[in-house]
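# Observations on the model geometry
The lines below spell out each chain.
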Amino acid sequence: MDCVIVGGGLAAITLACYFYHVNIDFVIVDPHERLGENFKNQVDRTNQRVMRSPYEHYVGCHRVYDYSLLDFAKIFYGKLSDIEKEQVILASAGHRGVVPVDIFLYHLMHQINTHELSKRHYIDFAEEYSKEGELFSIYLDSGYEIKSKFLVHATGKSIKK
């Protein structure tokens, strides 16, 4: 295994999309049933309806021929409200457009599905890590151990020592 990504949020998904394109063997370890679920739950708890980031910021890897968030919104342009269409036009003209959360979440699901990330997702909790020589050992709550050359901790939380 080349890399274990611990965490299933936006940073982990973006990195996994990149790894997919450059043929790096990886798995994602996250205890949620679906990747990005913690982000979606946080958005739902705050009743957030728009993203603060403009259309230029999106989940997925840049410069490897993925659909950008703006491209994705344009594909589904006919299903957007008049206000959402106006924001897409503004973003297309180089102005800062407000991204509806629903479009962002659909784009997130599109990236997960396109890059087959669910097939590389271990629904588990990374209990602890160690490194011996050139390999990391990631010990999962289920009792499994994964060895990899690299470890990326992308949970948004600090590692307990």
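Up top is the structure these notes are about.
Right, let's walk through the structure included here. Just so it is clear, the model here is predicted, and its values are computed rather than measured.

Quick look at the overall build of the chain now. The number of helices and strands found in the chain is five helices and nine strands. Sequence-ordered secondary structure for the chain, helices as α and strands as β, is β-α-β-α-β-α-α-β-α-β-β-β-β-β. Taken across its 161 residues, the chain has 39% of its residues classed as buried. Expressed as a percentage of contacts within the chain between residues at least 6 apart in sequence, the contacts between residues at least 24 apart total 60%.

Right, let's talk about the sheet that holds strand β6 (residues 126-132) for a bit. Pairing between the strands of a sheet is mediated by backbone hydrogen bonds and can be parallel or antiparallel. Read from one edge of the open sheet, three strands run β6-β7-β8, paired in antiparallel fashion. Looking at which strands have only one partner, the edges of the open sheet turn out to be β6 and β8 (145-148). Neighbour-to-neighbour, the strand axes of this sheet turn through a mean angle of 20 degrees, independent of strand direction. Pairing analysis gives six bridges linking β6 to strand β7 (residues 135-140), with the strands arranged antiparallel. Across the sheet, residue Ser130 finds its bridge partner in β7, namely Ser137.

Its 14 residues place the ends of helix α5 (residues 101-114) 20 Å apart at the C-alpha level, agreeing with the 20 Å of an ideal helix rising 1.5 Å per residue. Three or more residues of α5 are buried, namely Val101, Ile103, Phe104, Leu105, His107, Leu108, Gln111 and Ile112. Looking at the buried positions of α5, the neighbouring elements they touch are α1 (10-21), α2 (37-46), β3 (50-51), α3 (69-75) and β4 (99-100). Residue Glu116 follows α5 closely and has a positive phi angle near 55 degrees.

Take α1 next. Taking 1.5 Å as the rise per residue, α1 with twelve residues should run 16 Å; its terminal C-alpha atoms sit 17 Å apart, in good agreement. Looking only at α1, the buried set comprises Ala12, Ile13, Ala16, Cys17 and Phe19. Taken end-on, α1 shows its buried residues confined to a sector of 165 degrees, consistent with a single buried face. Of the residues flanking the end of α1, it is Asn23, one or two places downstream, whose phi is positive at about 60 degrees.

To continue, consider the pairing of β8. Of the two faces of β8, the one holding Ile146 and Ser148 is buried and the one holding Glu145 and Lys147 is not buried anywhere. With four bridges joining them, β7 and β8 adopt antiparallel strand pairing. Looking at β8, one finds that Tyr139 is bridged to Glu145. Counting the residues that bridge the hairpin from β7 to β8 gives four residues, and of these Gly143 lies at a positive phi of roughly 105 degrees.

Okay, the packing of α1 against α5 next. Packing of α1 against α5 leaves a shortest axis separation of 10 Å and a crossing angle of 40 degrees. As α1 packs across α5, the resulting crossing turns out to be left-handed. Taken together, the residues of α5 that come into contact with α1 (itself represented by Leu10, Ile13, Cys17 and Tyr20) are Phe104, Leu108, Gln111, Ile112 and Thr114.

With that out of the way, let us pick up the layout of surface pockets. Estimates place the volume of the second largest pocket at around 320 Å³. Lining the second largest pocket are 15 residues; nearest its centre among them are Arg34, Leu35, Lys40, Met109 and Ile112. At the level of elements, α2 and α5 are the ones that each hand at least two residues to the lining of the second largest pocket. Among the elements that take part in the lining of the second largest pocket, α5 stands out by supplying seven residues, more than any other. When grouped by side-chain class, the residues that make up the lining of the second largest pocket number six nonpolar, four polar and five charged.

The rules behind the values
Residues numbered from 1 in each chain as written. Predicted model: local features only at pLDDT ≥ 70, side-chain atom pairs only at ≥ 80, totals over all residues. Heavy atoms only, no water. Helix = DSSP H or I, 4+ residues; strand = E, 2+ residues; numbered from the N terminus. Buried < 20%, exposed > 50% of the residue type's maximum accessible area, 1.4 Å probe, protein only. Contact = heavy atoms within 4.5 Å. Pairing = 2+ DSSP bridges. Axes fitted to C-alpha atoms, helices over the stretch in contact; angles between N-to-C directions. Expected span 1.5 Å × (residues − 1). Arc of directions from axis to C-beta. Left-handed = near helix turned anticlockwise from the far one by under 90°. 1 Å grid on protein atoms, 1.4 Å probe; cavity = no way out; pocket = protein on both sides within 12 Å on 5 of 7 lines; lining within 4 Å. Points joined across faces, edges and corners; volume = space filled by probe spheres on them. Nonpolar A, V, L, I, M, F, W, Y, C, P; charged D, E, K, R; others polar.

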